Amino acid sequence: MEFMEIPLASRRQKIGLLGGSFDPAHEAHVHISKYALKYFDLDQVWWLLTPSNPLKRNNPSPVDERLGVANLLVEHPKIFVTKIENELNTVYTSQTLKLIQIRCPNVRFVWLMGADNMIQFDKWMNWKEIVYRVPIGILARPDHTLAPLKSKLAKAFSSYRLRANQSRDLGNLKAPYWCYKNLPLLNVSSSQIRAS
């Protein structure tokens, strides 16, 4: 699959955005992307390989290396690996979302994340701006099934939570709606892979 700065998206398509270091990308990333397509009724999922992660001590491997590994792994016609943040010169999700929405004004974006990120989401730069910008689809991962529902995000926006059986409506709603969805768990992480 060839790198595209921003993949092609038609008007009113629902696109899931899955950000992260992907250092390295692994089968669990593909797993949650496939379920996100199904659970949230998305047309595509775009992986946003971040140039750096302000919440981690060490910078990830060079983005082109991670892009190459991710592209070898992804063999799904609706999942696209991008380095949009590198091209836009953004580090923070709030900046990235703003610029992507300017470039693709007629696309419906949904921010995707694992439940582990929900726990520390209030530490992200301008986290409430993210919540008010796009609906959020949260996918439960191993060891993170209950704690996320006690997070600041869950408490502050509890009245906008969709029930799991309404998950397919998420992309048609405006922020700050969010949905927490359990999925069949695949216990793999990038840190485990780096340590092996």
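Residues numbered from 1 in each chain as written. Predicted model: local features only at pLDDT ≥ 70, side-chain atom pairs only at ≥ 80, totals over all residues. Heavy atoms only, no water.

**Student:** Sorry if this is basic, but what is going on with the layout of surface pockets here?
**Tutor:** Rolling a probe over the atoms, with the probe sized like a water molecule, indicates the empty space that remains. If you add up the space inside the second largest pocket, you get close to 240 Å³. What lines the second largest pocket is a set of 15 residues, and nearest its centre among them are Val-107, Arg-108, Phe-109, Leu-173 and Lys-174. (1 Å grid on protein atoms, 1.4 Å probe; cavity = no way out; pocket = protein on both sides within 12 Å on 5 of 7 lines; lining within 4 Å. Points joined across faces, edges and corners; volume = space filled by probe spheres on them.)

**Student:** Explanation requested: the sheet that holds strand E6 (residues 161–162) in the structure shown.
**Tutor:** Backbone-to-backbone hydrogen bonds pair the strands of a sheet. The strands run either parallel or antiparallel. Taken in spatial order, the seven strands make up an open sheet running E3-E2-E1-E4-E5-E7-E6, and their pairing is parallel. Edge positions in the open sheet fall to strand E3 (79–82) and E6, since each of these has one partner strand only. Bridge count for strand E2 (residues 44–49) against E3 is four bridges, and the pairing is parallel. Each residue of the ladder has a partner; that of Val-45, found in E3, is Ile-79. Seen against the sheet, helix H2 (residues 63–73) touches E2 and E3 and runs at an angle of roughly 150 degrees to E2. Set on the sheet, helix H4 (residues 93–103) makes contact with strand E1 (14–20), E2 and strand E4 (108–114); between it and E4 the angle comes to about 155 degrees. (Pairing = 2+ DSSP bridges. Helix = DSSP H or I, 4+ residues; strand = E, 2+ residues; numbered from the N terminus. Contact = heavy atoms within 4.5 Å. Axes fitted to C-alpha atoms, helices over the stretch in contact; angles between N-to-C directions.)

**Student:** Hey, could you run me through the pairing of E1 in this one?
**Tutor:** The side chains of a regular strand alternate, first on one face of the sheet and then on the other. A large share of E1 lies buried, amounting to five of its seven residues. By the bridge criterion, five bridges tie E1 to E4 in an arrangement that is parallel. If you follow Gly-16 over to E4, its bridge partner there is Val-110. Of the pairings in the sheet, the one linking E1 to E2 comprises six bridges and is parallel in character. Looking across to E2, one finds that Leu-18 is bridged to Trp-47. Handedness of the E1-helix H1 (residues 27–39)-E2 crossover: right-handed. (Buried < 20%, exposed > 50% of the residue type's maximum accessible area, 1.4 Å probe, protein only. Right-handed = clockwise from strand over helix to strand, strands pointing away.)

**Student:** Looking at this structure, I do not really get H4. What am I missing?
**Tutor:** For an α-helix the count is 3.6 residues per turn, leaving residues at separations of three or four pointing the same way. Among the residues of H4, those classed as buried are Thr-93, Ser-94, Thr-96, Leu-97 and Ile-100. The buried residues of H4 all sit within an arc of 160 degrees when viewed along its axis, so they share a single face. Looking at the packing, one finds that the buried side of H4 touches E1, E2, helix H3 (84–88), E4 and helix H6 (127–133). (Arc of directions from axis to C-beta.)

**Student:** When you look at the pattern of salt bridges in this model, what are you seeing that I'm missing?
**Tutor:** Close approach of charged atoms lets side chains of opposite charge pair. For the structure shown, the criterion picks out six salt bridges. In this structure, the salt-bridge partner of Arg-168 is Asp-41, at a minimum N-O distance of 3.1 Å. With a gap of 127 residues between them, Arg-168 in the loop between E6 and strand E7 (178–181) and Asp-41 in the loop between H1 and E2 connect regions that are remote in the sequence. Its relative accessible area of 45% is what places Arg-168 among the partly exposed residues. (Salt bridge = Lys/Arg side-chain N within 4 Å of Asp/Glu carboxyl O.)

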